[in-house]
Amino acid sequence: MEKKQHVDFIIVGQGLAGSLLSYFLLQENQRVVVLDYPHKGTSTKVAAGLVNPITGRRLAKSWRFEEFSSFAKHTYLALEEELGVKIWNYRNIVRALHSVFEENEWVRRSGYPEFQPYLNDTPTTADFEDKMQPPQAWGELVHCAQVSMPAFIEAWKKLLVEKQAYVETDFDYQHISLQGNKVSYGKWIAEKIIFCEGAKATENPFFKNLPFLPTKGELLLIRVDGLPETRIYKQKLFLVPIGSGLFWAGSTTSNEFDDANPTVAGNEKLNADLKASLTVPFEIVAHLAGIRPTVSDLRPFLGLNAQFPEFGIFNGLGTKGALMGPFFAKQMADFLLGKGEIEPEVDIERFELGTHNGHFFTKLNS
Ligand SMILES: Cc1cc2nc3c(=O)[nH]c(=O)nc-3n(C[C@H](O)[C@H](O)[C@H](O)COP(=O)(O)OP(=O)(O)OC[C@H]3O[C@@H](n4cnc5c(N)ncnc54)[C@H](O)[C@@H]3O)c2cc1C
């Protein structure tokens, strides 16, 4: 029989959540193994990574932006040092204001003290104006950033492999068991197993009743010659420079979908938005899709299973993983090590989950 390997934590999933959580646990000298499988639809692999203080048509201020962005910056810069890849990029967002109403709203908001540091009413536009369809006016969001999320998780995976802390495997819930107060899975025995499966958590029998509302997002990678790569543009859609003349163009949002594949309808919508945004030709390099782990109350999911505290979850980063991920990964790590609490607003205990998780719990108990 294969000898069991003792670890402190098994982490399932190596998207943004699993990567950041394993980072903070390894920093505390914990023995960690990360199990991941390249499923279609991994959100982090296709995310633009925007860290944006003011979002949406209604110009809403992001929840606790100052606190989260300062922690995020500090974390990603430390990761850059450790991994030798660029992750945190300062980039302002120039945003098209499509009507007099939108322009007035922008100006009105810039008068509020909490919005003022982030809104510039009179951005320079000369360097890109001839390549974009002219809107009513342009505004500029400052103190924004773009996190190179795919580059981060790729580099982090390499480091985990070097530390022999990464295994590519499709985790099978049927093969998990409890041995006393430890978790046994495959060749590992762990104090705890923490699930970071992104939208695939909807298949997890141990956290069955969490109100996930996954949304599919599609995007195009395009080449646009001559469009400056210093800022992010938001015309009909976001155009995010990702280097070598390439732009991430997106994205769609749909909560009704059959699978994680790019669709014809998504392609048509993105093409139409691009034509309504750019006045210059663009070349489509790729069409990609991912499933965001969005949730009903827009707050992350942190916590342990009430009946089996050997099982934990860190998920629900939704559309703001780049901004909120580092702060809550650290909070989860501190909690797991008995060094801190989970805030009630993100604790899964805020939901009535019950303990009826079917045959899995019967099996675990037997
Ligand atoms: C089009 C698009 C644009 C986005 N833009 C932004 C943005 O600009 N800014 C921002 O902050 N966020 C953005 N997001 C959201 C962002 O991607 C998420 O907040 C974040 O990446 C979620 O990370 P995660 O680790 O929870 O999930 P994921 O990245 O989906 O990772 C989950 C991992 O778990 C693995 N896994 C699942 N089940 C198993 C299993 N049984 N066995 C083994 N492995 C398993 C998966 O294969 C995957 O590798 C965007 C998302 C999309 C789709």
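What you see is a predicted model; the values in this text were computed from it and never measured. (Residues numbered from 1 in each chain as written. Predicted model: local features only at pLDDT ≥ 70, side-chain atom pairs only at ≥ 80, totals over all residues. Heavy atoms only, no water.)

Asker: Help me understand helix H4 (residues 149-162), please; the structure alone is not making it clear to me.
Answerer: Along an α-helix, residues three or four apart share an orientation, since each turn contains 3.6 residues. Here H4 is 14 residues long and its end C-alpha atoms lie 20 Å apart, about the 20 Å a rise of 1.5 Å per residue gives. Residues of H4 that are buried: Met149, Phe152, Ile153, Ala155, Trp156, Leu159 and Leu160. Seen from one end, H4 has its buried residues packed into an arc of 165 degrees, which puts them on one side. Pointing more than 90 degrees away from the buried face of H4 are the exposed residues Glu154, Lys158 and Glu162. Gln164, located one to two residues past H4, shows a positive phi value of around 55 degrees. (Helix = DSSP H or I, 4+ residues; strand = E, 2+ residues; numbered from the N terminus. Expected span 1.5 Å × (residues − 1). Buried < 20%, exposed > 50% of the residue type's maximum accessible area, 1.4 Å probe, protein only. Arc of directions from axis to C-beta.)

Asker: Looking at this structure, I do not really get the nonpolar core. What am I missing?
Answerer: In summary, soluble globular proteins display a tendency toward joint burial of nonpolar side chains. Membership of the largest hydrophobic core comes to 68 residues, with the highest contact counts inside it found for Leu21, Tyr76, Leu79, Phe152, Trp156, Phe314 and Phe328. Among the elements that make up this core, the one with the highest residue count is helix H6 (residues 321-336) (nine residues). When residues of this core are assigned to domains, at least three fall in each of domain 1 (5-45 + 150-211 + 296-365) and domain 2 (92-143 + 215-292). One finds Ile10, Phe195, Phe301 and Ile348 within the second-largest nonpolar core, a separate group that totals 28 residues. (Core = buried A, V, L, I, M, F, W, Y, C linked by side-chain atoms within 4.5 Å. Domains from an automatic or database assignment.)

Asker: For this particular structure, what's the right way to read the pairing of strand S13 (residues 182-185)?
Answerer: Regular strands show a simple pattern: their side chains alternate between the two faces of the sheet. Pairing of strand S12 (residues 176-179) with S13, which is carried by four bridges, proceeds in the antiparallel orientation. The residue of S13 that forms the bridge with Gln179 is Lys182. A loop of two residues connects S12 with S13, the two strands running antiparallel in sequence, and Gly180 in this loop sits at a positive phi of about 65 degrees. Remark: two residues form the turn of the hairpin made by S13 and strand S14 (residues 188-195), two consecutive strands paired antiparallel; Gly186 in that turn has positive phi of roughly 55 degrees. (Pairing = 2+ DSSP bridges.)

Asker: What am I meant to see in the environment of Val85 here?
Answerer: Position of Val85 among the secondary structure elements: in the loop between helix H2 (65-83) and strand S6 (88-90). By relative accessible area, Val85 is classed as partly exposed at 27%. Distance from Val85 to Lys4, taken between C-alpha atoms, is 35 Å for residues 81 residues apart in sequence. Apart from residues lying up to four places away in sequence, Val85 is in contact with Glu80, Ala151 and Ala155. (Contact = heavy atoms within 4.5 Å.)

Asker: Help me out: how do you make sense of the sheet that holds strand S16 (residues 232-234) in this one?
Answerer: Backbone hydrogen bonds hold the strands of a sheet together, and the pairing may be parallel or antiparallel. On the basis of which strands lie adjacent, the open sheet formed by eight strands has the order S8-S9-S7-S16-S17-S18-S15-S19 and mixed pairing. The outermost strands of the open sheet, each flanked by one partner alone, are strand S8 (119-120) and strand S19 (283-292). Packing against the sheet, helix H3 (residues 100-110) makes contact with strand S7 (93-97), S8 and strand S9 (137-141), and its axis sits at approximately 130 degrees to S7. Of the strands in this sheet, strand S15 (215-223), strand S17 (238-243), strand S18 (246-250) and S19 are in contact with helix H5 (residues 264-275), which crosses S15 at around 50 degrees. (Axes fitted to C-alpha atoms, helices over the stretch in contact; angles between N-to-C directions.)

Asker: In this structure, what is going on with the pattern of salt bridges? I would like to understand it.
Answerer: Pairing is possible between side chains of opposite charge, provided their charged atoms come close. As enumerated under the stated definition, the model contains 20 salt bridges in all. The partner of Lys86 in a salt bridge is Glu80, and the shortest N-O contact between them spans 3.5 Å. Connected through salt bridges with shared partners, the residues Arg64, Glu67 and Glu343 form a single ionic network. (Salt bridge = Lys/Arg side-chain N within 4 Å of Asp/Glu carboxyl O.)

Asker: Would you mind going over the site of the ligand with me for this structure?
Answerer: Near the ligand you find 37 residues, and of these Asp36, Tyr37, Ser43, Thr44 and Gly318 are the closest. One of the side-chain N or O atoms of Asp36 is found 2.8 Å from an oxygen atom in the ligand. For the ligand, an oxygen atom lies 3.4 Å from a polar atom in the side chain of Thr42. If you list the elements that add at least two residues to the shell around the ligand, you get helix H1 (16-27), S15, S19 and H6. Tallied by class, residues from the shell around the ligand come to 15 nonpolar, 16 polar and six charged. The residue makeup of the shell around the ligand includes at least three contributed by each of domain 1 (5-45 + 150-211 + 296-365) and domain 2 (92-143 + 215-292). (Near = heavy atom within 4 Å. Polar contact = N/O pair within 3.5 Å; in protein donor to acceptor, adjacent residues only side chain to side chain. Nonpolar A, V, L, I, M, F, W, Y, C, P; charged D, E, K, R; others polar.)

Asker: I'm lost on the packing of aromatic side chains in this one. Help?
Answerer: Centre-to-centre distance and the angle between the planes together describe a pair of aromatic rings. On inspection of all chains with the given rule, the structure shows 30 aromatic pairs. An angle of 25 degrees between the planes, with centres 6.1 Å apart, marks the rings of Phe195 and Phe206 as stacked. A residue pair is termed long-range when its members are at least 10 positions apart, and Phe195 in strand S14 and Phe206 in the loop between S14 and S15 qualify at eleven residues. Take Phe195: its relative accessible area is 0%, and that puts it in the buried class. On the accessibility criterion, Phe206 (2% relative accessible area) is buried. Each ring, one from Phe301 and one from Phe351, has its centre 5.6 Å from the other, and the planes form 85 degrees; the classification is edge-to-face. Here Phe301 is found in strand S20 (residues 301-304), whereas its partner Phe351 is found in the loop between H6 and helix H7 (359-365), with 50 residues between them in sequence. Like Phe301, the residue Phe351 is buried in the burial classification. Among the aromatic residues, those joined into a cluster by ring pairs are Tyr23, Phe24, Trp63, Phe68, Phe71, Tyr76, Trp88, Tyr90, Phe152, Trp156, Phe327 and Phe328. In this arrangement the basic side chain of Arg64 is found over the ring face of Trp63, its NZ or CZ atom lying 5.0 Å from the centre. Here the basic side chain of Arg299 rests over the ring of Trp63, its NZ or CZ set 3.7 Å away from the ring centre. (Phe/Tyr/Trp six-rings, centres within 6.5 Å; stacked < 30°, edge-to-face > 60°. Lys NZ or Arg CZ within 6 Å of the ring centre and 35° of its normal.)

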